[in-house]
Amino acid sequence: MTQRRIGLLGGTFDPPHIGHLIVAVEARDQLELDEVWLVVAHTPWQKAGRVISAPERRLAMVRSATEGLEGVVASAIEFEPPGPSYTVETLERLARCRSELAPTLIMGADAAAGIETWHRSEELASLAELAVVDRPGWAVEGVRRRLSVPQLDVSSTGIRRRVADGRPIDVLCPPGVVSLVAGWGLYDGANAS
Ligand code: ATP
Ligand code: MG
């Protein structure tokens, strides 16, 4: 059986932005993946303590952001069942239910720097290839596969602040995401962090 090579870029995506998309496109190209999935965390356990937009809204924004982008799709695998999920368990479930897929876990250098704190982190490398992308301000360390991508100093935190300050987020987020953020009134004042 030929395995399909899938990249998994997990995140909160509150909101998705050009930094996520460039990572997905570059990973797909450089690692010769069939597809990259933007895996939306339903209930991000690392981000307890701040207001996070509803999971369905974040998923809708990722669906919009990836529309028309070849080989890059939104994934709701961590919505079943809803609630907090650990990457290691998501990978185990994929191995069980979708054994035709050969997964590569893609992460920014900031996420990679904290990987030892992830649940059963030492098992991740046996369940997926690991690829780390440069991110401004973070050094990539260790022997994992490293990807060079155009460096964009863009984060969801910065975008939420811009909205709260009444500044534009065009280009930083695709037009569909800009419309959804405005329509739902996300990140204005109380919701910003
Ligand atoms: P927040 O500021 O809320 O933490 P974020 O911009 O870091 O948001 P996440 O959803 O936390 O976005 O990130 C998902 C994944 O995408 C992580 O692996 C992160 O390292 C990576 N990533 C996000 N933005 C960039 C970027 N500009 N360059 C490289 N990697 C990025
Ligand atoms: Mg982050």
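Quick note: structure is the one above.
Throughout what follows, the structure given in this document is the object of discussion. (Residues numbered from 1 in each chain as written. Chains lettered and ligands numbered in written order. Predicted model: local features only at pLDDT ≥ 70, side-chain atom pairs only at ≥ 80, totals over all residues. Heavy atoms only, no water.)

### Observations regarding unusual backbone geometry
The linkage connecting D14 with the following residue, P15, adopts the cis geometry, with an omega of 0°. With respect to the helices and strands, the residue P15 is situated in the loop between β1 (4-11) and α1 (18-30). In this structure, P81 follows E80 across a cis peptide bond, with omega equal to -5°. Mapping P81 onto the fold places it in the loop between β3 (72-75) and α3 (87-97). Positive phi outside glycine occurs at F13, with the angle close to 55°. (Helix = DSSP H or I, 4+ residues; strand = E, 2+ residues; numbered from the N terminus.)

### A word on the nonpolar core
Among soluble globular proteins, nonpolar side chains are generally buried collectively. Within the largest apolar cluster, 33 residues are counted, with the highest numbers of intra-cluster contacts made by L38, I106, I169 and V181. If you list the elements that add at least two residues to this core, you get α1, β2 (35-40), α2 (55-66), β5 (129-133), α6 (156-164) and α7 (175-184). With 20 residues, the next largest nonpolar core counts L8, I77, L94 and W118 among its residues. (Core = buried A, V, L, I, M, F, W, Y, C linked by side-chain atoms within 4.5 Å. Buried < 20%, exposed > 50% of the residue type's maximum accessible area, 1.4 Å probe, protein only.)

### A closer look at the site of ligand 1
Around ligand 1, the structure places 23 residues, and the nearest of them are H17, K47, D110, S156 and T157. With respect to ligand 1, the backbone of T12 contributes an N or O atom lying 3.0 Å from an oxygen atom. For ligand 1, the protein covers 91% of the area, taking 600 Å² as the surface of the free molecule. Secondary-structure elements contributing two or more residues to the shell around ligand 1 are β1, α1, β4 (101-108), α4 (109-113) and α6. Classifying every residue of the shell around ligand 1 by side-chain character gives eight nonpolar, 10 polar and five charged. (Near = heavy atom within 4 Å. Polar contact = N/O pair within 3.5 Å; in protein donor to acceptor, adjacent residues only side chain to side chain. Areas by Shrake-Rupley, 256 points an atom, 1.4 Å probe, with all protein chains shown as cover. Nonpolar A, V, L, I, M, F, W, Y, C, P; charged D, E, K, R; others polar.)

In short, the description is geometric, and any link to function would need to be established separately.
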